[in-house]
Amino acid sequence: GNGLLKKKVLTPGKGPESRPRKGQDVTVRLKTSLEDASVVEDWVSLTFTLGDGDVIQALDLCVQLMGIEETVLIDANSKYCYGTQGRIPNILPNANLLLEVTLLDVHDGPDLELLTGQEKLALANQKRERGNFYYQQADYVFAINSYDIALKIVNSSSKVDFTPDEENELLDVKMKCLNNLAASQLKLDHFEAALKSCNMVLEQQPENIKALFRKGKVLAQQGEYSEAIAILRKALKLEPTNKTIHAELSKLVKKHADQKIVETAMYRKMLGNVSTSTNKPAHESSLSISWKWLFGATAIAIGGVALSVVIAARN
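Note that the structure is predicted; figures quoted are calculated from it, not measured.

(A) How the structure looks around the UniProt feature "repeat: TPR" (unreviewed entry) in the protein chain. UniProt's entry tags residues 209-242 with the feature "repeat: TPR" (unreviewed entry), counted in the numbering of this structure. In the segment residues 209-242, helix accounts for 79% and strand for 0%; the C-alpha atoms at its two ends are 10 Å apart.

(B) Structural detail: helix 5 (residues 191-204). In this model helix 5 runs 21 Å from its N-terminal to its C-terminal C-alpha over 14 residues, within 8% of the 20 Å that 1.5 Å per residue would give. The complete set of buried residues in helix 5 reads Phe191, Ala194, Leu195, Ser197, Cys198, Val201 and Leu202. The arc that holds the buried residues of helix 5, viewed along the axis, is 160°, so those residues lie on one side. The outward face of helix 5, more than 90 degrees from its buried face, is lined by the exposed residues Glu192, Lys196 and Glu203.

(C) Summary view of the nonpolar core. Ranked by internal contacts, the top residues of the largest apolar core, which has 73 residues, are Phe48, Leu59, Val63 and Val101. When residues in this core are grouped by element, the largest group, eight residues, is from helix 3 (residues 140-155). With near-sequence residues (within four places) excluded, Val63 lies in contact with Pro20, Val26, Val28, Phe48, Leu50, Val101 and Leu103.

(D) Representation of the confidence of the model for the protein chain within the structure. Chain-level statistics for the protein chain give a pLDDT mean of 88 and a share of 86% at 70 or above. Of the regions scoring below 50 in pLDDT, residues 285-289 engages in zero contacts with residues more than four places distant in sequence or in other chains. Scored below 50 in pLDDT, residues 305-315 shows zero contacts in the model against residues more than four places distant or in partner chains.

(E) View of the pairing of strand 5 (residues 97-107). Bridging between strand 2 (residues 25-34) and strand 5 involves ten bridges; their strand directions are antiparallel. For Ser33, the partnering residue across the bridge sits in strand 5 and is Leu98. As judged from the six bridges shared by strand 4 (residues 71-76) and strand 5, these two strands associate in the antiparallel manner. Counterpart to Leu73 in the pairing with strand 5 is Glu100.

(F) Inspection of the pattern of salt bridges at higher detail. Evaluation of the coordinates by the stated rule reveals ten salt bridges. One salt bridge connects Glu70 with Lys7, and the closest N-O pair in it is separated by 3.6 Å. You can see Glu70 sitting in the loop between helix 1 (57-63) and strand 4 and its partner Lys7 sitting in strand 1 (residues 5-11), a full 63 residues away along the chain. You can call Glu70 buried: its relative accessible area is 9%. Lys7 sits in the partly exposed class, given a relative accessible area of 32%.

(G) Expanded view of helix 3. For helix 3, built from 16 residues, the straight-helix expectation of 22 Å at 1.5 Å per residue is met to within 8% by its first-to-last C-alpha distance of 22 Å. Of the positions making up helix 3, those classed as buried are Tyr140, Ala143, Ile144, Ser146, Tyr147, Ile149, Ala150, Leu151, Ile153 and Val154. Where helix 3 is buried, its residues touch helix 2 (117-136) and helix 4 (164-187).

(H) Spotlight on the environment of Leu249. Within the secondary structure, Leu249 is located in helix 8 (residues 243-314). On the basis of relative accessible area, Leu249 is assigned to the buried category, the value being 9%. Each C-alpha atom, one on Leu249 and one on Ala230, is 9.4 Å from the other, the two residues being 19 residues apart in sequence. Setting aside residues no more than four positions away along its own chain, Leu249 makes contact with Ile229, Leu232, Arg233 and Leu236.

(I) Layout of the side chain of Lys120. Looking at where Lys120 falls in the secondary structure, it is placed in helix 2. Of the side chains with opposite charge, Glu167 lies nearest to the buried Lys120, which makes no salt bridge, at 8.3 Å. With near-sequence residues (within four places) excluded, Lys120 lies in contact with Leu112, Leu115, Ile153, Val154, Ser156, Ser157, Ser158, Phe162 and Leu170.

(J) Structural view of the packing of helix 6 (residues 209-221) against helix 7 (residues 225-238). Direction vectors running N to C along helix 6 and helix 7 enclose 160°, while the axes themselves pass 8 Å from each other. As summarised for this structure, helix 6 and helix 7 are arranged roughly antiparallel, according to the angle between their axes. Considering how the two elements wind past one another, helix 6 and helix 7 form a crossing that is left-handed. On the side of helix 6, the interface is formed by Ile209, Leu212, Phe213, Lys215, Gly216, Leu219 and Ala220, while helix 7 contributes Tyr225, Glu227, Ala228, Ile231, Leu232, Lys234, Ala235 and Leu238. Here the residues of the contact of helix 6 with helix 7 are counted per class, giving eleven nonpolar, one polar and three charged.

Calculation notes
The residue numbering used here restarts from 1 in each chain and proceeds along that chain's sequence as written. Restriction of local features to residues with pLDDT of at least 70 applies here, the model being predicted, together with a cutoff of 80 or more for giving and counting side-chain atom pairs; totals for whole chains, interfaces and linings are based on all residues. Derived side-chain values reflect all non-hydrogen atoms in the structure, with water molecules and hydrogen atoms excluded from consideration. UniProt positions are given in the numbering used here, feature names are shortened, and annotations may be inferred rather than shown by experiment. Secondary structure elements are defined from DSSP: runs of H or I of at least 4 residues count as helices, runs of E of at least 2 residues count as strands, and each element is numbered from the N terminus. For a helix, the expected span equals 1.5 Å multiplied by the residue count minus one. Accessibility here uses a 1.4 Å probe with only protein chains present; expressed as a share of the type maximum, an area under 20% marks a residue as buried, one over 50% as exposed, and anything in between as partly exposed. Summarising the geometry, the arc corresponds to the directions from the helix axis toward the C-beta atoms. Note on terminology: a nonpolar core comprises buried Ala, Val, Leu, Ile, Met, Phe, Trp, Tyr and Cys residues joined through side-chain atoms within 4.5 Å. Note on contacts: a residue pair is in contact if any heavy atoms of the two residues lie within 4.5 Å. Note on scores: pLDDT gives the predictor's confidence for each residue, bounded by 0 and 100. Note: two strands are recorded as paired if DSSP finds a minimum of 2 bridges between them. Salt bridges are counted wherever a side-chain nitrogen of Lys or Arg sits within 4 Å of a carboxyl oxygen of Asp or Glu. The positive count covers Lys and Arg only, the negative count covers Asp and Glu only, and His and the chain ends enter neither. Interaxial angles span 0 to 180 degrees and are taken between N-to-C directions of axes, which are lines fitted to C-alpha atoms, for helices over the stretch in contact. Note on angle classes: values under 35 degrees are labelled roughly parallel, values over 145 roughly antiparallel, values of 65 to 115 roughly perpendicular, and the remainder oblique. A clockwise turn of the near helix away from the far one marks a right-handed crossing, whereas an anticlockwise turn of less than a right angle marks a left-handed crossing. Gly counts as polar in this scheme, as do all residues outside two lists: the nonpolar Ala, Val, Leu, Ile, Met, Phe, Trp, Tyr, Cys and Pro, and the charged Asp, Glu, Lys and Arg.

Okay, here's the thing in structure tokens:
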């Protein structure tokens with residue numbers, strides 16, 4: 001609709017009824033070229049899960065509109081490819097791409113309950129690494145989606161027994177995904193969600209440095225400086241040479257001290273206003289007493305003079 005993503009049919013396929021659905025695995029033949037026609041990748045067979053963000057948006061969106069055995073040419077703006085980051089070394093930032101795609105096969109994705117430990121690890125790591133790719137591209141929404149998919153795979157029930165080593169490896173993948181999820185949520189200012197992700201890591205691994213560091217950053221963003229400082233000090237105690245934690249803690253301690261100065265000045269101002277308002281009536285009262293005393297003394301003096309005049313007249 002915006003003219004930035006165009007699809008031209010080169011060879012018709014089996015028709016709309018053979019189009020794949022989101023969540024299915026598709027296999028394509030793919031040749032990717034720059035606008036000057038230089039080829040940057042050529043896949044005889046590439047398999048990915050449709051709609052999971054495993055590939056660039058141009059491919060993910062257009063394959064949904066293809067039938068089996070259909071070949072198309074996709075003219076894609078950089079927005080739907082590798083964006084402002086590009087893909088070093090052969091795709092520069094903001095590069096538009098031409099994709100020649102043939103849809104070879106469509107089949108349902110694997111049953112997660114039947115995956116072996118190694119198969120589940122491989123699939124979860126594939127989704128996690130895709131999340132890392134999006135994070136590096138600053139596409140944090142897509143990164144969150146990939147990490148969520150990886151967590152869904154790790155947390156899925158299984159009808160297959162895993163070895164203790166495989167269980168530990170799956171737990172490690174889960175912790176990495178949650179930590180990276182928290183980092184992405186923090187980038188989007190989703191503080192409550194990021195805090196929840198950090199806490200899920202710390203429930204399993206109370207001394208996880210990355211989770212402690214990110215929890216400290218989240219709490220600081222929420223204005224919980226004292227708690228954030230305590231969390232970061234715990235992280236620094238576990239890893240005293242970590243310069244990133246040092247820098248964040250120093251910045252936070254200074255910010256907390258500045259906040260205290262501002263609060264103290266505000267309280268003093270408030271107390272000063274209260275003091276002035278309470279002292280004012282006392283001042284007015286003292287003035288009133290002074291005038292009453294002076295008036296009384298004057299009246300007594302005048303009365304004394306009048307009495308002396310009367311006595312003198314009688315004599």
